[in-house]
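Take a look at the letters that make up each chain.
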Amino acid sequence: MARPTLSLSITLNPHSRISYVALATVTSRRTLHSTTRRLDRFERSDFSGQGFTGEYEPGQPTGGPLGDASIAGVPRVTPKALKDHLDQFVVGQERAKKVLSVAVYNHYQRVQEVQRREEEQARLEAEHARRNRHPVEDEYPGQQQVAPLKPIFASHPDPPKPEPVEPVEPPPKQEPVPEPPIIDTSPLTIEKSNVLLLGPSGVGKTLMIKTLARVLDVPVSISDCTPFTSAGYIGEDVEVCVQRLISAANFDIAAAERGIIVLDEVDKIAAAKVHHGKDVGGEGVQQALLKIIEGTTLQIKVNQERSSSHSSRAGQNGRDAAPPAAKGEIINIKTDNILFICAGAFGGLHKMVLDRVAKGGLGFGAEVRRAPTKEDAHNTMLTGEDEMFKKHLPFFVRENTTPQGARKSDSSKRIYNTLDLVVPSDLQKFGMIPELIGRLPVSCALSALDEESLVRVLTEPRNSLLGQFEQLFKLSGIELGFTSGALREVAKSATSMGTGARALRTVLERLLHDCMYETPGSSTKHILITQPVAQLKQPPLYFRREEKRKYHRLFEEEEQAWQDELDRKNGVATSQFPSFEDYRTKSLAAGIS
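Only a predicted model underlies this, so the values are computations on that prediction, with no experimental measurement involved.

K.L.:
Give me the overall build of the protein: which residues, what numbers.
P.N.:
Within the protein one finds 19 helices and twelve strands. Partitioning the contacts of the protein with sequence separation of at least 6, the portion at a separation of at least 24 is 72%.

Structure below.
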């Protein structure tokens, strides 16, 4: 027996049926939309019922894991990065490169801090002006100022008279309240530390500064102190160095006020003993430099055209170049934030230092120092004076390094630079006034270059002197080769000249003069400079294109002979047979089985 089926039928009018179909369609779409929503997306309504979880105030320090981070951001340059860049162009002088890198980095950070404070002060002033102005006033162009409100009784002809007040007894006499102390709310100011570089000629003082000037984002100018004279005399005024900085900054005064001025040959303005007249090129120039180095406002007359190099550099750095100053216009520039780097050879200063620190050789066991010779006039290096230098050296030196920062081997003696012991009294005795010395708190001495260092100068830097001559001959299709013995002879000849690395170019020009005259346009394709050629015992060796193998074979033989000579000097036993095949061949020829 089948179960009866119940059927329910509902009769809808046409209007209700249409409404029911529309409602079902909307409900199905909403359900489909809600099911296809991604779980990793949130809607604004999901957090509408939750309160705030934190707050942020612009004027307060940032909290959280970045609370101790630098407010100026990550620096674009660091002292290590600057020194690594100097290592590519300058050989040796480790301590001088570190001192100069730190000085430039601190100046860069100081400039950024000054700029940040100026922007912060401008923001606060704008915010203060925005808060204190009338809400309607100055809102639209031509808006009239709001009339000030008058007192209530201003419209009455007779203002009300105050009621009489009974006299009150004066209060008892009290002790005077002490005045509150004066509170200075000015921020901490970081003063600049100017630098003094000392060292003989040709050791890399100017090269290091020029190398850093190519990569810095601040304008740098280099001025020679030799033509400087006192105001009113024939020569250049000291303000010329600031004019050159403005020109290097493309007449952007804001950029020039944060630049670097290099005063080269500063030892040439030392005070001289003048029996008649005035020392216009010595102490007078130092006196004029005092306020400029310390910080003052100068009035400079612009009399030069704009340079296009800096404007292109400013565009590459992402900043807009400032509008140029008109020609003949007098502008004001502050030198408070300009870093000054002074460099000089200070010839003869090391003798004054030795006279001050050295003790006389009296008594048994005392060390007697030899009398200085003519070659020692520019040599500031001493070997072995450990006890004296440890007592007077103004900085710490590790046991396995030299004061110049180079590694020291166990067998070699430590080499010291006498100029590392310079104190302000020595500079004052040399002729510098104490006021100028006090404005150069950081001083660093550069070491004279020995024979080994000159060989490295020839080959290691990116723009090495040997690479320049090789490229010069390559432009004519000629290959130039120097053996190790020839390089050593070139360095030895340059050492005897006493002009540092500059003597290397003099020696190479004399050595390659005939080659540069004879070989261009000829059949010569290879030139070999050996040790006898560098000693001027024989002419340079020329090879044609088909003699390339002969050129390379002779080059290898010269290198092998030089290495055998070094091993013989160092006491290293060398075999007379360079390989086993040579030994076997000669043994068979001699009848030895």
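K.L.:
I'd love a proper account of the nonpolar core, names of residues and values included.
P.N.:
In this structure, Ile-341, Phe-482 and Ile-529 are the most contacted members of the largest nonpolar core, which totals 57 residues. Once you skip the residues sitting within four places of it in the chain, Ile-529 turns out to touch Leu-480, Gly-481, Phe-482, Thr-483, Ala-486, Leu-511, Leu-512, Ala-534 and Pro-540. Residues Val-266, Ile-333, Leu-419 and Ile-433 belong to the second largest nonpolar core, which totals 54 residues.

K.L.:
Please set out the environment of Val-220 residue by residue, giving values where relevant.
P.N.:
Checked against the element boundaries, Val-220 lands in strand S2 (residues 220-224). Separated by 25 residues in sequence, Val-220 and Leu-245 place their C-alpha atoms 6.4 Å apart. Among residues more than four places away in sequence, those in contact with Val-220 are Ala-213, Leu-245, Ala-248, Ile-260 and Val-262.

K.L.:
Got a sec to walk through the sheet that holds strand S1 (residues 195-198)? Specific residues and values, please.
P.N.:
Judged by pairing direction, the sheet is parallel, and its five strands sit side by side in the order S2-S3-S6-S1-S9 without closing on themselves. Two strands bound the open sheet, and with one partner strand each, they are S2 and strand S9 (442-445). Between one strand axis and the next, the sheet turns by 15° as a mean value, whatever way the strands run. Both strand S3 (residues 260-264) and strand S6 (residues 339-344) contribute to a ladder of four bridges, which runs parallel. By the bridge assignment for S6, Ile-260 is matched with Leu-339.

K.L.:
How would you sum up the packing of aromatic side chains? Please name residues and give values.
P.N.:
Enumeration over the complete set of coordinates arrives at two aromatic pairs. Relative to Phe-430, the ring of Phe-346 lies with its centre 5.2 Å away and its plane at 55°, an arrangement referred to as tilted. Of this pair, Phe-346 sits in the loop between S6 and helix H9 (349-357) while Phe-430 is found in helix H11 (residues 424-430), placing the two residues 84 residues apart along the sequence. Residue classification places Phe-346 among the buried residues on the basis of a relative accessible area of 2%.

K.L.:
Just give me the short version of helix H13 (residues 451-459), but keep the residues and values in it.
P.N.:
Of the positions making up H13, those classed as buried are Ser-453, Leu-454, Val-455, Val-457 and Leu-458. Residues of H13 that are buried make contact with helix H14 (465-474), helix H15 (484-495) and helix H16 (502-518).

K.L.:
How would you explain the sheet that holds strand S10 (residues 479-482) if you had to name every residue and give the values?
P.N.:
Within a sheet, neighbouring strands are paired by backbone hydrogen bonds and run either parallel or antiparallel to one another. Strand order in the open sheet formed by three strands is S10-S11-S12, with mixed pairing between adjacent strands. Where the open sheet ends on each side, the last strands, each with one partner, are S10 and strand S12 (541-544). In this sheet, neighbouring strand axes are inclined to one another by 20° on average, regardless of whether the strands run parallel or antiparallel. Bridge count between S10 and strand S11 (residues 524-529): four bridges; the pairing is parallel. Considered in S11, the bridge of Leu-480 is made with Ile-527. Lying over the sheet, helix H18 (residues 548-570) contacts S10, S11 and S12, oriented at roughly 10° with respect to S11.

K.L.:
Now, about the pattern of salt bridges: what can you tell me, with residues and values included?
P.N.:
Counting across every chain of the model gives 21 salt bridges. Glu-127 serves as the salt-bridge partner of Arg-123, at 3.3 Å between the closest nitrogen and oxygen. Residue Arg-123 and its partner Glu-127 are both found in helix H3 (residues 94-132); the two are separated by four residues, about one turn of the helix. Between Glu-452 and Arg-488 there is a salt bridge, with its nearest N and O atoms 3.0 Å apart. Linking Glu-452 in helix H13 with Arg-488 in helix H15, this pair joins segments that are 36 residues apart in sequence.

K.L.:
Tell me about the confidence of the model for the protein, and please be specific about residues and values.
P.N.:
Atom-level detail of predicted coordinates should not be read off regions where pLDDT is low. The share of residues in the protein with pLDDT of 70 or more is 66%, and the mean pLDDT across the chain is 76. This stretch, residues 29-37, has a pLDDT under 50; its non-local contacts, to residues over four places away or in other chains, come to two contacts. Across residues 306-321 the pLDDT falls below 50, and counting only partners more than four positions away or on other chains, this stretch makes 18 contacts in the model.

K.L.:
Please give an account of the side chain of Lys-97 that cites residues and values.
P.N.:
By the secondary structure assignment, Lys-97 is in helix H3. Owing to a relative accessible area of 1%, Lys-97 belongs among the buried residues under this scheme. Of note is the side chain of Lys-97, whose polar atom sits 2.5 Å from the side chain of Asp-87. Not counting residues up to four positions away in its chain, the partners in contact with Lys-97 are Lys-83, Leu-86, Asp-87, Val-90, Gly-92 and Met-208.

K.L.:
Lay out unusual backbone geometry in plain terms, naming residues and giving numbers.
P.N.:
Backbone phi values are negative for most residues with the exception of glycine, while trans is the configuration of most peptide bonds. Positive phi, normally seen in glycine, also occurs at Asn-250, with a value near 60°. We note that Glu-265 has phi near 55°; this positive angle belongs to a residue other than glycine. With respect to the secondary-structure elements, Glu-265 resides in the loop between S3 and helix H7 (283-294). Assessed through its relative accessible area of 26%, Glu-265 is described here as partly exposed.

K.L.:
Which residues make up the packing of helix H2 (residues 79-87) against H3, and what values do they have?
P.N.:
Contact geometry for H2 and H3: axes closest at 8 Å, N-to-C directions at 135°. With respect to each other, H2 and H3 are oriented oblique. At the point where H2 passes H3, the crossing takes the right-handed sense. Where H2 approaches H3, its residues Pro-79, Leu-82, Lys-83, Leu-86 and Asp-87 are matched on the opposing element by Glu-94, Lys-97, Lys-98, Ser-101, Val-102, Val-104 and Tyr-105.

K.L.:
An account of the state of the cysteines is needed here, citing residue identities and associated values.
P.N.:
Tallied over the entire structure, the rule returns zero disulfides. As a non-bridged cysteine, Cys-342 has Cys-225 as the owner of its nearest cysteine sulfur, 6.6 Å distant. The buried category is assigned to Cys-342, whose relative accessible area is 1%.

K.L.:
How would you summarise the environment of Glu-470 if you had to cite specific residues and measurements?
P.N.:
Its location among the elements puts Glu-470 in helix H14. Given the relative accessible area of 31%, Glu-470 is considered partly exposed. When the C-alpha atoms of Glu-470 and Leu-480 are compared, they prove to be 5.6 Å apart, with ten residues separating the residues in sequence.

K.L.:
Give me the lowdown on the packing of H13 against H14, citing residues and values where you can.
P.N.:
Two elements in contact, H13 and H14, have axes separated by 4 Å at closest approach and are oriented at 35°. Touching Val-457, Leu-458 and Thr-459 of H13 are Leu-465, Leu-466 and Gly-467, all from H14. Considered class by class, the residues forming the contact of H13 with H14 number four nonpolar, two polar and no charged.

K.L.:
Which residues make up H7, and what are the values?
P.N.:
Compared with an ideal rise of 1.5 Å per residue, which puts twelve residues at 16 Å, H7 spans 17 Å between its outermost C-alpha atoms and is within 8% of the ideal. Of all the residues in H7, the buried ones are Gly-284, Val-285, Gln-286, Leu-289, Leu-290, Ile-292 and Ile-293. The secondary structure elements touched by the buried residues of H7 are helix H5 (240-248), S3, strand S4 (297-301), S6 and helix H12 (434-438). Where H7 terminates, the next one or two residues include Gly-295, which has phi positive at roughly 130°.

Cut-offs used in this document
- Residues numbered from 1 in each chain as written.
- Predicted model: local features only at pLDDT ≥ 70, side-chain atom pairs only at ≥ 80, totals over all residues.
- Heavy atoms only, no water.
- Helix = DSSP H or I, 4+ residues; strand = E, 2+ residues; numbered from the N terminus.
- Contact = heavy atoms within 4.5 Å.
- Core = buried A, V, L, I, M, F, W, Y, C linked by side-chain atoms within 4.5 Å.
- Buried < 20%, exposed > 50% of the residue type's maximum accessible area, 1.4 Å probe, protein only.
- Pairing = 2+ DSSP bridges.
- Axes fitted to C-alpha atoms, helices over the stretch in contact; angles between N-to-C directions.
- Phe/Tyr/Trp six-rings, centres within 6.5 Å; stacked < 30°, edge-to-face > 60°.
- Salt bridge = Lys/Arg side-chain N within 4 Å of Asp/Glu carboxyl O.
- pLDDT = per-residue confidence, 0-100.
- Polar contact = N/O pair within 3.5 Å; in protein donor to acceptor, adjacent residues only side chain to side chain.
- Parallel < 35°, antiparallel > 145°, perpendicular 65-115°, else oblique.
- Left-handed = near helix turned anticlockwise from the far one by under 90°.
- Disulfide = S-S within 2.5 Å.
- Nonpolar A, V, L, I, M, F, W, Y, C, P; charged D, E, K, R; others polar.
- Expected span 1.5 Å × (residues − 1).

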